[in-house]
Amino acid sequence: MIKAAGVAEVTDGDFEAEVIGSELPVLVEFTADWCPPCRQMAPVLAAVAAEEGERLKVVQLDVDANPLTTLAYGVLSMPTFMVFRGGEPVKSMVGSRPRRRLMEELSDVL
């Protein structure tokens, strides 16, 4: 998995604690090593994590290494972005996008 700077990796084992139990809204990128658009999103996610760290937690989940969470949320395409707030998924977006568009799409959940 292409790790974005400042973005934590979550797993099937800690998804509940890190995402569901988070005080902040959480942006989860469901990603994979073999996904070129996922690689394009690494610097975008790093920038969002750096700029919005007070309001938004940004994490990545490798779909190949974490099939339980991937299946539980019906993720079929990479990258899929899901925003969790209060333990519930409140928004889902599929495909890479520029930072400005991502932030526009996140504005209603922040």
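First, a word on what this report is: a plain description of the structure on this page. (Residues numbered from 1 in each chain as written. Predicted model: local features only at pLDDT ≥ 70, side-chain atom pairs only at ≥ 80, totals over all residues. Heavy atoms only, no water.)

Here's the deal with unusual backbone geometry
Next up, step 1: Here M78 and P79 are connected by a cis peptide whose omega angle stands at -10°.
Next up, step 2: Within the secondary structure, P79 sits in the loop between α3 (67-72) and β4 (80-85). (Helix = DSSP H or I, 4+ residues; strand = E, 2+ residues; numbered from the N terminus.)

A few points about the pattern of salt bridges
Next up, step 1: Per the stated rule, a full pass over the model turns up seven salt bridges.
Next up, step 2: The salt bridge partner of R55 is E52, with a shortest N-O separation of 2.8 Å.
Next up, step 3: Judged by relative accessible area, which is 13%, E52 ranks as buried.
Next up, step 4: Two residues, R101 and E105, come together in a salt bridge whose shortest N-O distance is 3.8 Å. Of this pair, R101 and E105 are both found in helix α4 (residues 99-106), four residues apart, which corresponds to roughly one turn of the helix.
Next up, step 5: When salt bridges with common partners are traced through the structure, they connect R97, R101 and E105 into a single cluster. (Salt bridge = Lys/Arg side-chain N within 4 Å of Asp/Glu carboxyl O. Buried < 20%, exposed > 50% of the residue type's maximum accessible area, 1.4 Å probe, protein only.)

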